[in-house]
Amino acid sequence: MSELTLTLLRLGFLALLWLLVLSVVAVMRRDLFNSPRMSRRPATAGVPAMSGGGGRSQPQQQESPPLPTTLVVTAGSLKGTTIPLGQAPILIGRTPESTLVLDDDYASGRHARLSLRHGVWMVEDLGSTNGTFLGRNRVQDPVPIAPGAQIRIGRTVLELRR
Amino acid sequence: MASARTASPRTGRNLEAVLIAVAIGLAIGAYALVGLGVNDALPPGMLGYGAGLGALALVLHLAVRRFAPYADPTLLPMAMLLNGLGLVMIHRIDLGLGKSFTESAAFRQLMWSALGVVAATVIIIWLHDHRVLSRFTYIAMAAGMVLLLLPLVPFIGKNINGARIWIGLGGFSFQPGEIAKIALTIFFAGYLVTARDSLSLVGRKVLWMQLPRAKDLGPLLAAWGVTLAVLVFERDLGTSLLFFGMFVGLLYIATERVSWVVLGLLLFVGGALAAWQLFAHVQARVDFWLHPFRDDILPYSTQIVQGVFGMASGGLIGTGLGEGSPWRVLYSASDMIFASLGEEMGLTGLFALLLVYALIVERGLRTAIGARDGFGKLLAAGLSLTLALQVFVVVGGVTRVIPLTGLTLPFMAAGGSSLLANWMIIAILLRISDSARRPAPEADGPLFDLPVDEIPPELQDGSNSQGDDRDQYGSGNDQETVVVR
């Protein structure tokens, strides 16, 4: 085989190597431009879809309000964190197994649980030391969460949003 | 692109398959080029090599497709590429040394690749949830320590080339430190996830820095002590740098306190200086690093010097695979494989490989960001850190940035234990990334850590204005809500 062909093959090899590297980079770009915000619209039928971009209408006008879709931390060290709500219950506490791992000295290891029962999100205390509060009331057994109601666990305040 | 984006959440498995195919194509191409360069003919084993590599990749890909469908699609192709190119380079050095196939290092490496892929497959199938690993935090610590110190046990431990990091089992030798790496990462992650609250408490302020409390220094000092023991008794600078660096890095990630990094660096520099003063073998390593060309040192530092000359003769695009003479360097297939690659693939090839390592580490750190539990975050970050540090130590050693140590270049260097351990690391990362990228049941997309601009503006002002919230979202309860600020 001639020297020229060999050199061309060699350069082609290096070019292909870089092509692979660059295509991996291209795949990674999706992390930036296909962020959760863009892909948030629920694809499944179980969760009612938000209507378009500015779809946060006034929910108090509706008779049977749609299920909340996110759990938002409104105060505490995790302020600003959101968790999508599905069918699965959400365990809140300091243990790493929790869905929402609190970094809060006043929270217990397994503090509280949110679960969807009969189409309503309920909050229950799991025997925590400092208690779980819905509004001003201390929660023991599962209590339905009204939209906009604030759940307080230690220094953390949570809220359900649509 | 647009049509693929709309449907159900993308798993990226088909993309992974395409990338794997390209990676294997590159490895086969490299194999063919080696044959053309050395013998002027296409190598006879080309199809066999490609089929073998393809079978390994297929097994792993199918396992991922079935058991971890949302795993990161780029990790597997990149690992496969590095493993494949490493095999080719080892084979090329075997050719240069005139070894027959069955006694060649490439054959052994191929066996170990198969074992590594099997181990990775087993992990992906059996480990349904990485959080299970956090149950074994302290068992992992004990296992890691035992594995790390196993080479010091008489009869089992073997001293090869001045470093006591091997154990002999029957006919073949194994570096238990490589597996210890994974065990200790599990321990660090499990320990720090529970201890980070107290470790991030601040103590006295010195200059501009908030120092941690003095009584929290225990774990750092313990890690430092073990690291120094490895350095002194096993004479292995690389492993000690790897473990200490990983511990300090994870401590930083867990606590977000720069002071830990500063303290860790000071401790390491202090320990390294002390070791340099006290031990002749450390002094020799430093001399090889700083003055490899000096007349009285040159007879001992030939390995580094030849490696540097090899890379220099490679230049920008290399001599071409099979055209250089990398086998002249001592341990050109294991410790010095980076120099061998540099000679035949040039700076262009080396940068591509370094970028692949950087991308693997980036994917690992991205997985850590996406992971929904603290343990998973720390584990993914720790595993990526080990890979990053290991590449840094090896490449830094070969290019004379830091003293040369006996670590292996992940996936590429000849060495079974390292290959096995790195495939296990990739498998665990795939598992974590699967759970990080898997849509939450019924909702989609991991939304755990949203950037600040995703928070509705009424929450950003820090005033917890309940009144506004009620107006905007409607509130069923008329009670006043209590908010602790």
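As the structure is a prediction and not an experimental result, all values here were calculated from the model.

Residue and element names in this part refer to chain B. Predicted confidence across chain B gives a mean pLDDT of 81, with 84% of residues reaching 70 or more. Low confidence marks residues 1-8, where pLDDT is under 50. Its contacts with residues over four positions away, or in another chain, come to four contacts. In the model, residues 442-485 has pLDDT below 50 throughout and makes 103 contacts with residues more than four positions away in sequence or in other chains.

Quick look at the pairing of strand β11 (residues 156-161) of chain A now. All names here are of chain A. In terms of burial, β11 is largely enclosed, as six of its six residues are buried. Burial of β11 is two-sided: the residues Thr156, Leu158 and Leu160 facing one way and the residues Val157, Glu159 and Arg161 facing the other way are all buried. As paired strands, strand β1 (residues 70-75) and β11 are joined by five bridges and run antiparallel to one another. Counterpart to leucine 71 in the pairing with β11 is leucine 160. As defined by bridge partners, strand β10 (residues 150-153) adjoins β11 across four bridges and the pair is classed as antiparallel.

The UniProt entry lists residues 90-139 of chain A under the feature "domain: FHA" (unreviewed entry), expressed in the numbering used here. Span residues 90-139 of chain A is 0% helix and 48% strand, its end C-alpha atoms 16 Å apart.

This part takes up the packing of aromatic side chains. All names here are of chain B. Under the counting rule described, the total for this entry stands at eight aromatic pairs over all chains. With centroids separated by 5.8 Å and ring planes inclined at 65°, the aromatic side chains of tyrosine 138 and phenylalanine 187 adopt a geometry described as edge-to-face. Of this pair, tyrosine 138 sits in helix α6 (residues 137-149) while phenylalanine 187 sits in helix α7 (residues 176-199), and the two are 49 residues apart along the sequence. Taking the centre distance of 5.8 Å and the plane angle of 25° together, the rings of phenylalanine 187 and tyrosine 191 count as stacked. Placement of the pair is phenylalanine 187 and tyrosine 191 together in helix α7, with a separation of four residues, close to one helical turn. Taken together, the ring pairs connect Tyr138, Phe187, Phe188, Tyr191 and Phe247 into an aromatic cluster.

Residue and element names in this part refer to chain B. The N-to-C vectors of helix α8 (residues 218-233) and helix α10 (residues 258-278) enclose an angle of 30°; their axes lie 11 Å apart at closest approach. With respect to α10, the axis of α8 lies roughly parallel. For the pair α8 and α10, the crossing hand works out as right-handed. Here Leu220, Leu221, Trp224, Leu228 and Leu231 of α8 lie close against α10, whose contacting residues are Trp260, Leu263, Gly264, Leu267, Phe268, Gly271 and Ala275. The residue makeup of the contact of α8 with α10, split by class, is 10 nonpolar, two polar and no charged.

Residues and elements named next belong to chain A. Applying the stated criterion across every chain yields a total of 13 salt bridges over all chains. As a salt-bridge pair, arginine 113 and glutamate 124 come within 3.4 Å of each other at their nearest N and O atoms. Of the two residues, arginine 113 is situated in strand β5 (residues 112-117) and glutamate 124 in strand β6 (residues 120-125); the sequence distance between them amounts to 11 residues. Residue class for glutamate 124 comes out buried when judged on its relative accessible area of 11%.

Moving on to the nonpolar core. Formed by 137 residues in total, the largest nonpolar core has its most connected members in Phe13 of chain A together with Leu379, Leu409, Met412 and Trp423 of chain B. Tallying contributions element by element places helix α13 (residues 337-370) of chain B first for this core, with 14 residues. If we ignore the near neighbours within four places in the chain, the residues touching tryptophan 423 of chain B are Leu60, Leu76, Ala79, Met80, Asn83, Ser113, Gly116, Val117, Ala120 and Phe411 of chain B.

Residue and element names in this part refer to chain B. Where helix α12 (residues 302-314) meets α13, the closest approach of the two axes is 7 Å, and the angle between their N-to-C directions is 40°. Taken together, α12 and α13 sit at an angle that is classed as oblique. Handedness of the crossing formed by α12 with α13: right-handed. On α13, the residues that touch Gly307, Gly310, Met311, Ser313 and Gly314 of α12 are Ala339, Gly342, Glu343, Gly346 and Leu350. Of the residues in the contact of α12 with α13, the class split is three nonpolar, six polar and one charged.

So, how was this worked out
- Residues numbered from 1 in each chain as written.
- Chains lettered and ligands numbered in written order.
- Predicted model: local features only at pLDDT ≥ 70, side-chain atom pairs only at ≥ 80, totals over all residues.
- Heavy atoms only, no water.
- pLDDT = per-residue confidence, 0-100.
- Contact = heavy atoms within 4.5 Å.
- Buried < 20%, exposed > 50% of the residue type's maximum accessible area, 1.4 Å probe, protein only.
- Helix = DSSP H or I, 4+ residues; strand = E, 2+ residues; numbered from the N terminus.
- Pairing = 2+ DSSP bridges.
- UniProt positions renumbered as here; feature names shortened; annotations may be inferred.
- Phe/Tyr/Trp six-rings, centres within 6.5 Å; stacked < 30°, edge-to-face > 60°.
- Axes fitted to C-alpha atoms, helices over the stretch in contact; angles between N-to-C directions.
- Parallel < 35°, antiparallel > 145°, perpendicular 65-115°, else oblique.
- Left-handed = near helix turned anticlockwise from the far one by under 90°.
- Nonpolar A, V, L, I, M, F, W, Y, C, P; charged D, E, K, R; others polar.
- Salt bridge = Lys/Arg side-chain N within 4 Å of Asp/Glu carboxyl O.
- Core = buried A, V, L, I, M, F, W, Y, C linked by side-chain atoms within 4.5 Å.

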